[in-house]
Structure formats: structure tokens, C-alpha cells
Amino acid sequence: MNFNLASPFYEQARAQPENLALRVSGKAYSYGELAALTGRAAAALGDARKVGVLASRTLGAYVGILASSWSGAAYIPLSPTKLPDERLAAILEIIRPDALIVDSAGLARMTPALRAIAPPLILDLSGQFNLLPELNSLTKERVEAPSLRGADDLAYVIFTSGTTGVAKGVVIKLGSIAQFLEAMRVRIKPVSADRISQTSELSFDVSVFEMFLAWGSGASVYVVPATQLMSPSHFITDHGLTIWSSVPSIAAFMRGVKTLKPGAFPSLRYSVFCGEALPYPLAEAWQAAAPSSIVENLYGPTEATVGCVSATAGSEFPATPTLNLVPSGLPLPGVEAAVVDESLAFLPVGEVGQLVIAGGQLAEGYYNEPELTRERFPTIDGKRWYLTGDLTRQDEHGAFHHLGRMDRQIKLMGQRVELEEIEAHLRSVSNSDNVAAVAWPIEDGLVQGVVGFTSGVSASPQELLDLLRRRLPLYMVPRRIVQLDELPHTSSGKIDRNALVLPLNESPSLYEEAS
Ligand code: AMP
């Protein structure tokens, strides 16, 4: 069996070349057109095995991902707009790609310093169809079909926030993503008439679901422009989208600004929310806006390939008590989920513990991080598990309920952020150990931002923020930094983060002058 991610796309391109494959930046591309471009870009990649795709929401980005897969390489999505130079350089140093594909935003990032560590092969896909400069300067040579790949070959490496201050690369195999996509195909039953939203950044693995669910079934991918991401109502109705996929934060924002109107999205037949807890009232508001749609909560860490436990909102399972969330639900086929205590002993139904995942969707591990991989993917009773760090409880129906984190990882607009990583950088730029980062504010259970605290630091908050912006993706940079005379401590001597948040909750503008 050929596990190349691009093979189902190739089959669709042969069977129905006229069908719409992709709509991006106001232009539409058929399967035939996209496959022709992909085959040529794949030829340009030669025998590269790891391909960085420094591109986002452009034709070049999608050709880049398809071509990397087509040529048999693993792709590494790198956001040209979200990653500051230092972090981009750090990731390139870790992964050392054989080739880099850039769109115009990616090309603009190629400073002499980054060029010095970038691979010699940089494929410029910054133009529109027929104007892709590098492709046109090549001969008409093209790779006719995706190369044969096995289940253990690599699909992609996604970098995510690491507690130590260094991003870590999650390595996903082709067999894992194939298993996940097949499970979702059986659930959603996409057909060629489906129009699927592409909302997620390519460096967030939900994008793999959005693209390849569509391309495996002859359906069309509709890329929501960055400017419409928080208010996509017109985009959904103008294009008659049938399948919606996003983080719940987008729906929460729409609800907040009252664009989630009852009956607004009659064309939607399936809506998948992934990446964050899905509050029941939000699911109900979406259901009212999209009355013909199934509303699904898909839970999963990058390390278990996009999503691995899922439930539909509505009658399937009761809501999570107290938190009033749509439950995470049941494991997808080929996935095992269980609850363990602190000593990694399995707990019975009803007990609260850590959610652990096993089965075919588990990542190979963290790129070049064997120790961290062993720590997070231990063998328990002869089987390899991933320790999610999520607190959970299984109810009497077998459904898992998300109860929060055991550590200080948070989600910001669905993006995973380790507060320790922000603190590590804050320590370094302020040259002080007296730092803290807290999630604030939190609205309807969804974190809206981060506030940093320092004490005894000579640099001003503004100077510290400027330095952080050079190191961290924008979404990880605190909204403000507050300088206090002293950080509060608990009786055991730890920084008392609750004491930092409480005054903010009571008086949200309290520190505005101090910061
Ligand atoms: P990521 O690897 O970016 O997908 O982040 C994985 C983490 O996001 C999980 O370990 C959870 O803490 C959280 N998460 C993802 N999906 C859900 C969901 N449907 N409900 C609650 N938390 C979720």
C-alpha cells in the first residue's frame, strides 16, 4: 500500500481534473491545475527528504505542501508571518531541511542571516498560477505521480511550544495520518461537492485534516483569508461552505460580536471544532446558526496526530458536569485512551487522572530529542503510550471528559503555549529570575491572553516586550508586562500566581499604569 499523503489527491486529479481543488487569495484552481504545478515543484525538490514550507495562505503554500509530500519528503510548516527571526533560525538549526519552499512573505524573510543557515535549495513559489517564477524557469520536467511511501515514512514535523524555551518538533509518520484521515472520512463521508474551510495555520496540525480530508475525496479547500478569520460569516455564506473546521475561539469571537445568528449558515452539514475545550453554550449557538450541521468536538494533541477522541454535541453524551463542556468523547478507531494516576497505574471509570493515548496515531516522538521522547511516550504494561498532560475522567458511557491541564500549558486561539516557555524568555531578556507569566483574561473558559510580571528589573516593560517580540511568535508575547516591587510567594516559597491573577480579575485595568 502506498501511504504518500498526496496519492489520494493524485487519484482525484486523474479521475476528475476539472473539479475545484483549492480556492485561495480570490482565485480557484482545479485538481488538474494544482496537480500539474505540484508535479513540477516536486521535480524541483529532487531527492530532498525534509522540506521547510515558509509560506502561509497562498497558492505557493499549498503547492509546497503537496509537492513535498508528492516527492516523498516530510514537510515542516513554518509561518512566515508568526515566527520571529530568532525562533525561525532556531527551528532551521534543529531540523536542517534539505530544501525550503517560500511564498512572497517567506521570500521577504530571507535575510542574509537566515540565508546563511537555510539550505541552498530555496524554491520560490511567490507568484500566482503560471507566474510561479522558479517553476517557469525550470524545464517542463515534472514528477508524474507521487512516489511510493510506507507507513513508517515521515509525513510532517510540527514545531510546538517547549517548556525549556526551545520549540520541539513533533514527528508524524504517514501511517498515523492515514489512520486518522480514514477515521474522519468514515465519520464525515466527504464527497466531491463538499466545500471545506481552511482556517488553521499550516503549522497547526488541524490544517492537515482540512486539506487532506478534502483532497482525498475530490472536495474543495476554501482558504479563509487572514483578514476574515475572526468574522468568517460572509465567507461561509458567499461560498456555500458545507464543512467547517476551526478552533472554538473563532466561534466564541463570532458569538461575542453577534455574527453567530440563528439560521445564518444553512449550507453547513458538518462542523468540527478542535484544539480547545468546546463549551456547550457555544456548541448550541453554532448549532442554531447551522441547523443542518452535525457539531463535533475533536480532541487531540499534535503528538497523537490531529485528533484522537471525539464526540458530537447534542444527545450523544451528557455534558461535562460543572464545566459544561461538550465531552471529548470516545477514541477514534485504532486509538486507545485510558486514565492513569501519578505513578502511571491505570484508573477505573469515574476516577480523575491523566489522559494517556496509545495506538496507531502516536507520533514517532520529538525530533532529535530521545530523552524527552522516552519521558512523554513511556511503555506501560508493554504498550507505548503518550502522556497528554490533560486531566480527564471517563463516564459510565465510556466518554472521556476534559477537565483541564496538569501543567501550565494553555491554548491561545487554539495555539499551544507553555507559560514556562514565556517565563524562560522573560528571564533571559530581563536578566532576572523574578519573573512570572499568567493566563489572563479567561472568558467563558477560553484564555484570551498572557500577562507577564517582573520585579527588580532595570529595563522598562516596553523594552522587555520589544526583546520578546524578536524571540517569540506574536501570539506568545504577553499583552503587557507589569513591574512589581516584589512578586508574591506562597508559604512554600513558590511564586503565587493566583495572587497575581486575583487583583487583575477584580480590577482589569489595575496595572495599566504600572506596565
Ligand atoms: P495541540 O497539540 O496544539 O493540538 O494541543 C493539544 C492540547 O490542546 C491538548 O493536550 C489539550 O490540552 C488541548 N485540546 C485539544 N483539543 C481539545 C478539545 N477538543 N478539548 C479540550 N482540550 C483540547
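Residues numbered from 1 in each chain as written. Predicted model: local features only at pLDDT ≥ 70, side-chain atom pairs only at ≥ 80, totals over all residues. Heavy atoms only, no water.

## Re the environment of Ala264
Line of reasoning, step 1. For Ala264, the location among the structural elements is in the loop between helix 11 (248–256) and strand 12 (270–274).
Line of reasoning, step 2. Excluding its chain neighbours within four sequence positions, the residues that come into contact with Ala264 are Thr237 and Ala289. (Helix = DSSP H or I, 4+ residues; strand = E, 2+ residues; numbered from the N terminus. Contact = heavy atoms within 4.5 Å.)

## Points about the site of the ligand
Line of reasoning, step 1. Near the ligand you find 16 residues, and of these Asn297, Thr302, Asp390, Lys411 and Arg416 are the closest.
Line of reasoning, step 2. In the environment of the ligand, an oxygen atom lies 2.5 Å from a nitrogen or oxygen atom belonging to the side chain of Asp390.
Line of reasoning, step 3. Within the side chain of Lys411, a nitrogen or oxygen atom sits 2.9 Å from an oxygen atom of the ligand.
Line of reasoning, step 4. For the ligand, the accessible surface in isolation is 500 Å², of which the surrounding protein chains cover 96%.
Line of reasoning, step 5. Elements that contribute at least two residues to the shell around the ligand include exactly strand 13 (294–299), strand 22 (400–405) and strand 23 (409–412).
Line of reasoning, step 6. The element contributing the most residues to the shell around the ligand is strand 13, with 3 residues.
Line of reasoning, step 7. Of the residues contributing to the shell around the ligand, the split by class is 5 nonpolar, 6 polar and 5 charged. (Near = heavy atom within 4 Å. Polar contact = N/O pair within 3.5 Å; in protein donor to acceptor, adjacent residues only side chain to side chain. Areas by Shrake-Rupley, 256 points an atom, 1.4 Å probe, with all protein chains shown as cover. Nonpolar A, V, L, I, M, F, W, Y, C, P; charged D, E, K, R; others polar.)

## Side note on the state of the cysteines
Line of reasoning, step 1. This structure, assessed with the given rule, holds 0 disulfides.
Line of reasoning, step 2. Cys274 takes part in no disulfide bond, and the closest cysteine sulfur to it belongs to Cys308, at a distance of 8.9 Å.
Line of reasoning, step 3. Overall, Cys274 belongs to the buried group, its relative accessible area being 2%. (Disulfide = S-S within 2.5 Å. Buried < 20%, exposed > 50% of the residue type's maximum accessible area, 1.4 Å probe, protein only.)

## Some details on the sheet that holds strand 21 (residues 386–394)
Line of reasoning, step 1. Spatially, 16-17-21-22 is the arrangement adopted by the 4 strands of the open sheet, whose pairing is antiparallel. Strands at the two margins of the open sheet, each flanked by one partner only, are strand 16 (335–340) and strand 22. Across the sheet, the mean angle separating the axes of adjacent strands is 45° when strand polarity is ignored.
Line of reasoning, step 2. In this structure, strand 16 lies alongside strand 17 (residues 352–359), joined through 6 bridges in antiparallel fashion. Bridged to Glu336 within strand 17 is Ala358. (Pairing = 2+ DSSP bridges. Axes fitted to C-alpha atoms, helices over the stretch in contact; angles between N-to-C directions.)

## Details of the packing of helix 2 (residues 31–45) against helix 3 (residues 59–70)
Line of reasoning, step 1. At their nearest, the axes of helix 2 and helix 3 sit 8 Å apart, and the two run at 60° to each other. In the packing of helix 2 onto helix 3, the handedness of the crossing is right-handed. Across the interface between the two elements, Leu34, Ala35, Leu37, Thr38, Gly39, Ala41, Ala42 and Leu45 of helix 2 pack against Leu59, Val63, Leu66, Ala67, Ser68 and Trp70 of helix 3.
Line of reasoning, step 2. Its residues assigned to classes, the contact of helix 2 with helix 3 comprises 11 nonpolar, 3 polar and no charged. (Left-handed = near helix turned anticlockwise from the far one by under 90°.)

## Here we look at the packing of aromatic side chains
Line of reasoning, step 1. Under the criterion given, the structure shown has 13 aromatic pairs.
Line of reasoning, step 2. When the centroid spacing of 5.8 Å and the interplanar angle of 40° are considered together, the rings of Tyr75 and Tyr156 count as tilted. Placement of the pair is Tyr75 in strand 4 (residues 74–78) and Tyr156 in strand 7 (residues 154–160), with a sequence separation of 81 residues.
Line of reasoning, step 3. For Tyr156, a relative accessible area of 0% translates into the label buried.
Line of reasoning, step 4. Taking 5.5 Å as the distance between ring centres and 90° as the angle between the ring planes, the aromatic pair formed by Phe212 and Trp215 counts as edge-to-face. Of the two residues, Phe212 and Trp215 are both situated in helix 9 (residues 206–215); the distance of 3 residues between them amounts to about one turn of the helix. You'll find Phe212 and Trp215 in the same group, each marked buried.
Line of reasoning, step 5. Through a chain of ring-to-ring contacts, three or more aromatic side chains come together here, namely Phe9, Tyr10, Tyr31, Trp70, Phe212 and Trp215. (Phe/Tyr/Trp six-rings, centres within 6.5 Å; stacked < 30°, edge-to-face > 60°.)

## Quick word on the pattern of salt bridges
Line of reasoning, step 1. Using the criterion set out here, one finds 18 salt bridges in the structure.
Line of reasoning, step 2. For Glu86, the salt bridge is made with Arg471, and the minimal N-O distance between the two is 3.8 Å. In this pair, Glu86 is assigned in helix 4 (residues 85–95) and Arg471 in helix 15 (residues 461–471), connecting sequence segments 385 residues apart.
Line of reasoning, step 3. A residue is classified by how much of its surface remains accessible, and Glu86, at 43% relative accessible area, is partly exposed.
Line of reasoning, step 4. The partly exposed category is assigned to Arg471, whose relative accessible area is 22%.
Line of reasoning, step 5. Notably, a salt bridge pairs Glu423 with Arg497, separated by 3.1 Å at the nearest N-O pair. One end of the pair, Glu423, is in helix 14 (residues 419–430); the other, Arg497, is in helix 16 (residues 497–506), and 74 residues separate them in sequence.
Line of reasoning, step 6. The class for Glu423 is buried, based on a relative accessible area of 5%. (Salt bridge = Lys/Arg side-chain N within 4 Å of Asp/Glu carboxyl O.)

## Here we look at the pairing of strand 13
Line of reasoning, step 1. For strand 13, the tally of buried residues reaches 5 of 6 residues, placing the bulk of the element in the interior.
Line of reasoning, step 2. Relative to strand 13, strand 12 runs parallel, the two sharing 5 bridges. Considered in strand 13, the bridge of Ser271 is made with Val295.
Line of reasoning, step 3. Taken together, strand 12, helix 12 (residues 280–289) and strand 13 form a β-α-β motif whose crossover is right-handed. (Right-handed = clockwise from strand over helix to strand, strands pointing away.)

## Points about the sheet that holds strand 29 (residues 480–484)
Line of reasoning, step 1. Pairing is mixed across the open sheet formed by 3 strands, whose spatial order is 25-28-29. The sheet terminates laterally at strand 25 (435–439) and strand 29, the two strands that pair on one side only. Going across the sheet, the axis of each strand differs from the next one's by a mean of 25°, ignoring polarity.
Line of reasoning, step 2. Sheet strands in contact with helix 14 are strand 25, strand 28 (450–455) and strand 29, and its direction is about 145° off that of strand 25.
Line of reasoning, step 3. Contacts from helix 16 reach strand 25, strand 28 and strand 29 within the one sheet, and its direction differs from that of strand 25 by about 55°.

## Notes on the packing of helix 3 against helix 9
Line of reasoning, step 1. Relative orientation of the contacting elements helix 3 and helix 9 amounts to 70°, with a least axis distance of 13 Å. Comparing their axes, helix 9 and helix 3 come out roughly perpendicular. Here Tyr62, Ile65, Leu66 and Ser69 of helix 3 lie close against helix 9, whose contacting residues are Met211, Phe212 and Trp215.
Line of reasoning, step 2. Among the residues forming the contact of helix 3 with helix 9, the class breakdown is 6 nonpolar, 1 polar and no charged. (Parallel < 35°, antiparallel > 145°, perpendicular 65-115°, else oblique.)

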